[in-house]
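Observations on the three-dimensional arrangement
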2 protein chains.
Amino acid sequence: MTLSDRKKKILYSLVDDYIVTAEPVSSKKIQEEHLPDYSSATIRNELSALESMGYLVQPHTSAGRIPSQKAFRFYVDQLMVTPLTQDEISAIECHFGDKISSLQDVMSKVTKVLSEVTHLTSIAVEDKATGEVVQNIKLVRLTQGNALVLVVSDKNVFKDHIIEIPDNLSDVDLEKINGWLNHLFTPKKIDELRGINLDDILDEELRVLQSLFEDVLKVLREVSKKKKEIITQGAAQILDYPEYSDKDNAKQFLQVIEQKQKLADMFAEDNGMELNIKIGREEEQNLPDGCSLVTAKIGINKNSYGNIGVIGPVRMDYKKVVSVLDHIGKLIEKLLNEEE
Amino acid sequence: MTLSDRKKKILYSLVDDYIVTAEPVSSKKIQEEHLPDYSSATIRNELSALESMGYLVQPHTSAGRIPSQKAFRFYVDQLMVTPLTQDEISAIECHFGDKISSLQDVMSKVTKVLSEVTHLTSIAVEDKATGEVVQNIKLVRLTQGNALVLVVSDKNVFKDHIIEIPDNLSDVDLEKINGWLNHLFTPKKIDELRGINLDDILDEELRVLQSLFEDVLKVLREVSKKKKEIITQGAAQILDYPEYSDKDNAKQFLQVIEQKQKLADMFAEDNGMELNIKIGREEEQNLPDGCSLVTAKIGINKNSYGNIGVIGPVRMDYKKVVSVLDHIGKLIEKLLNEEE
DNA sequence: GTTTAGCACTCAAAACAAAAGAGTGCTAAC
DNA sequence: GTTAGCACTCTTTTGTTTTGAGTGCTAAAC
């Protein structure tokens, strides 16, 4: 079921309006500012229809309407990257004047700019495992049924993961398995290992051990996950939004922001997407109530260096956010290229 | 001018009360809860006297009194470390169950516990330069009057600092100076260098260059300063205090918390003190409005590993905070000792 | 069939008024 | 030096009224 053009226009206008005012939007306002050729009564009829279709919500009978999550989803799906104004561009670029010495430096600068320009809380996930090469994997038996997974890369040694192994596994078997593990998984970049699908690479004879290999792979993924550095900036921005004048909401928000691991997980899921918009809890369990998360990937030539993004109220200024993220993303890639 | 015993008792009771309620305290309340042997009228007279001495403030004529910063200073100066209850101790120690793998790990755990137990925002400064040994110092002439200070330690190379040198310095002179620098300052631990006093070690013949040496030393101190890792935890706690229900206050607080460098500076000043309490802006320019900072030093055998502390409203529960910091400080030292 | 003017109705928010009550300062007596 | 007593002050609470924005519906116009 598709919306009529007029309904689309009304809905879009209403969301546009709500994003700036955070107040219920009335039929009269839509008429005056967006659709002067129709009377407010007509628009009221349309609004009523949109409401029963689930796009709008009325806080109480004598109030205007506010967009539902469905409406926001409609809104962002229409969205394209619009070019920034010259002012906005210079506002961003004047922050990058000084020399940049490391990726970490870049990330910390970026979060500052991002938060300042969008008036939202910004998050950067730096993928420290990028380029790290796994050189050796070894299962070391601890007890009859348990083994330590020892992972040696060119930069680190990981020895914090224990998995279960079949009870009847002999030392010779274990040796063999270690051979296969190294054959299959080394030397390989950690980022590559993350994407490996065992079904594709396991020989028939190794199928019986698939669950064991699966476990090892899980450890490898775990390892690559841990090697992330998360920084946030501008948490205080949230207090400027009326929807967070409620203390409990604000508190919940801040608490989520502090749980870096959860933040990283939220970013992790949308691997592959250049730009990702998650609206409200329904789309991402871990988001604070009433929040959206817009993320972008930072990478050159298939190497992912991390992600950047902003988190804020569902009615954030997606247009601006998307454009700014796009611009900064390109900027970073340029900086990283110069580096090399 | 010293306070009479009764005044002391009244003042102490009032602060004690205010710390829990955050409300102006009335003469009647003090009488009922702390001084049943005097009438409220008598206490009123005393309160009036304490007010004119600057210990108390009255929000308006028909309200009780609230303690001034001076009163809090009086209060904490009386404070001693009181033993924790068994409940509090177990609340702390149950968090340290898992194995601890690194100092960083310790710090991150400690901030969590600290914030949870005190209901305040906790801060940890990890002194990464601890144990780092400066191996070589070299001045490299850039222009006639400028030189780069190159510092090589066992872990890092620092080359971001430029100082002025006398215009008439020949290359031979510079070589000599480099020799002296290395003679005086290497090989030494960075933490040692921080405390060096040039007056004590400079020979007569080097006096003329004292200011130059002073500059190099400043760079070394700068270097050791940079090598700090600051983590905070529980920023959201602040929202539970009525004094931060005002949005602007809360915002300001959060913004300060995000400026890690400033936080580090606040800790830096009280080198040498085991425990330090700073009450309000008057004592520490960089504190958020209406905040106090209680810090403790973490170290074994004169080696400073960093600091931990909490930041929160001036009327925080100093008794508890001080005891908890004391307890956790000792706990960390034990953990660090086991490590070695 | 679609649009719209008109009007009754709803409900939150603002404005106002009154009452309650907590606390003080002062005076006069103990 | 201490305290009972009381007038006075000022905030807080509570209730009431008013206002006005906005809707839904109906009936007429297009």
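As shown above, the structure is provided for reference.
The paragraphs below set out a description of the structure included in this document. (Residues numbered from 1 in each chain as written. Chains lettered and ligands numbered in written order. Predicted model: local features only at pLDDT ≥ 70, side-chain atom pairs only at ≥ 80, totals over all residues. Heavy atoms only, no water.)

Considerations on the interface of chain B and chain A
When the parts of a complex come together, some accessible area is lost, and that lost area is often used as the size of the interface. Taken together, the contacts link 13 residues of chain B with 13 residues of chain A. Approximately 1400 Å² of surface area, both sides summed, lies buried where chain B meets chain A, with 58% of it carried by carbon and sulfur atoms. Interface area lost by chain B to chain A is led by Leu239(B), Lys247(B) and Glu258(B), which between them contribute 42%. Counting across the interface, chain B meets chain A through two salt bridges. Ionic pairing is found between Asp240(B) and Lys251(A), a salt bridge with its closest N-O pair at 2.8 Å. Remark: the boundary between chain B and chain A carries six residue pairs in polar contact (both at pLDDT 80 or more). (Contact = heavy atoms within 4.5 Å. Buried area = accessible area lost by both parts, 1.4 Å probe. Salt bridge = Lys/Arg side-chain N within 4 Å of Asp/Glu carboxyl O. Polar contact = N/O pair within 3.5 Å; in protein donor to acceptor, adjacent residues only side chain to side chain.)

Describing the packing of aromatic side chains
Residues and elements named next belong to chain A. In this structure the tally under the stated criterion is ten aromatic pairs over all chains. Seen in terms of ring centroids, tyrosine 12 and tyrosine 75 are 4.8 Å apart; in terms of plane orientation they differ by 25°. Their pairing is stacked. Of this pair, tyrosine 12 sits in helix α1 (residues 5-21) while tyrosine 75 is found in helix α4 (residues 69-78), placing the two residues 63 residues apart along the sequence. Between the aromatic rings of phenylalanine 72 and tyrosine 318, the centroid separation amounts to 6.2 Å while the plane-to-plane angle is 55°, which identifies the pairing as tilted. With phenylalanine 72 in helix α4 and tyrosine 318 in helix α14 (residues 318-339), the pair connects residues that are 246 residues apart, well separated along the chain. What makes phenylalanine 72 buried here is its relative accessible area of 3%. (Phe/Tyr/Trp six-rings, centres within 6.5 Å; stacked < 30°, edge-to-face > 60°. Helix = DSSP H or I, 4+ residues; strand = E, 2+ residues; numbered from the N terminus. Buried < 20%, exposed > 50% of the residue type's maximum accessible area, 1.4 Å probe, protein only.)

Some details on the side chain of Asp17(A)
Positionally, Asp17(A) belongs in helix α1. Among residues more than four places away in sequence, those in contact with Asp17(A) are Val25(A), Lys29(A), Glu33(A) and His34(A).

Some remarks on the protein's contact with DNA strand C
Taken together, 19 residues form the shell around DNA strand C, and within it Thr42(A), Thr61(A), Ser62(A), Ser27(B) and Arg65(B) come nearest. Among the atoms of DNA strand C lying within 4 Å of the protein, the sugar-phosphate backbone contributes 82%. The contact in question runs from a phosphate oxygen of DNA strand C to an N or O atom on the side chain of Arg6(A), over 2.9 Å. Within the side chain of Arg65(B), a nitrogen or oxygen atom sits 2.9 Å from a phosphate oxygen of DNA strand C. Counting residues per element, the surface near DNA strand C draws most heavily on helix α3 (residues 40-52) of chain A, which supplies three residues. Across the surface near DNA strand C, the residue classes break down as two nonpolar, twelve polar and five charged. (Near = heavy atom within 4 Å. Nonpolar A, V, L, I, M, F, W, Y, C, P; charged D, E, K, R; others polar.)

Quick notes on the nonpolar core
Grouped together as the largest cluster of nonpolar side chains are 153 residues, with contacts concentrated most on Ile308(A), Tyr318(A), Ile308(B) and Tyr318(B). Counting residues per element, this core draws most heavily on helix α14 (residues 318-339) of chain B, at ten residues. Setting aside chain neighbours within four positions, we find Tyr318(A) in contact with Ile19(A), Phe72(A), Tyr75(A), Val76(A), Leu79(A), Ile277(A), Ile279(A), Ser292(A) and Val294(A). (Core = buried A, V, L, I, M, F, W, Y, C linked by side-chain atoms within 4.5 Å.)

What about the sheet that holds strand β10 (residues 291-300) of chain A?
Residues and elements named next belong to chain A. Spatially, β8-β3-β11-β10-β9 is the arrangement adopted by the five strands of the open sheet, whose pairing is antiparallel. Looking at strand neighbours, the two that pair on one side only are β8 (228-233) and β9 (275-279), the edges of this open sheet. Each neighbouring strand pair of the sheet contributes to a mean axis angle of 15°, computed without reference to strand direction. Looking at chain direction, strand β3 (residues 121-127) and strand β11 (residues 303-313) are connected through six bridges and run antiparallel. If you follow valine 125 over to β11, its bridge partner there is asparagine 307. (Pairing = 2+ DSSP bridges. Axes fitted to C-alpha atoms, helices over the stretch in contact; angles between N-to-C directions.)

Re unusual backbone geometry
Only a minority of non-glycine residues have a phi that is not negative, and only a minority of peptide bonds are not trans. All names here are of chain A. The omega torsion of the bond from threonine 186 to proline 187 falls at -15°, within 30 degrees of zero and hence cis. With respect to the helices and strands, proline 187 occurs in the loop between α7 (171-185) and β7 (188-189). Even without glycine at this site, alanine 22 takes up a positive phi of about 60°. Here alanine 22 is to be found in the loop between α1 and α2 (27-33).

What to know about the pairing of β9(A)
Residues and elements named next belong to chain A. Here β9 lies mainly inside the structure; four of its five residues are buried. Direction of pairing for β9 relative to β10: antiparallel, over a ladder of five bridges. Pairing of leucine 275 across the sheet is with alanine 296, part of β10.

So far we have only geometry, and geometry alone does not tell us how the molecule works.
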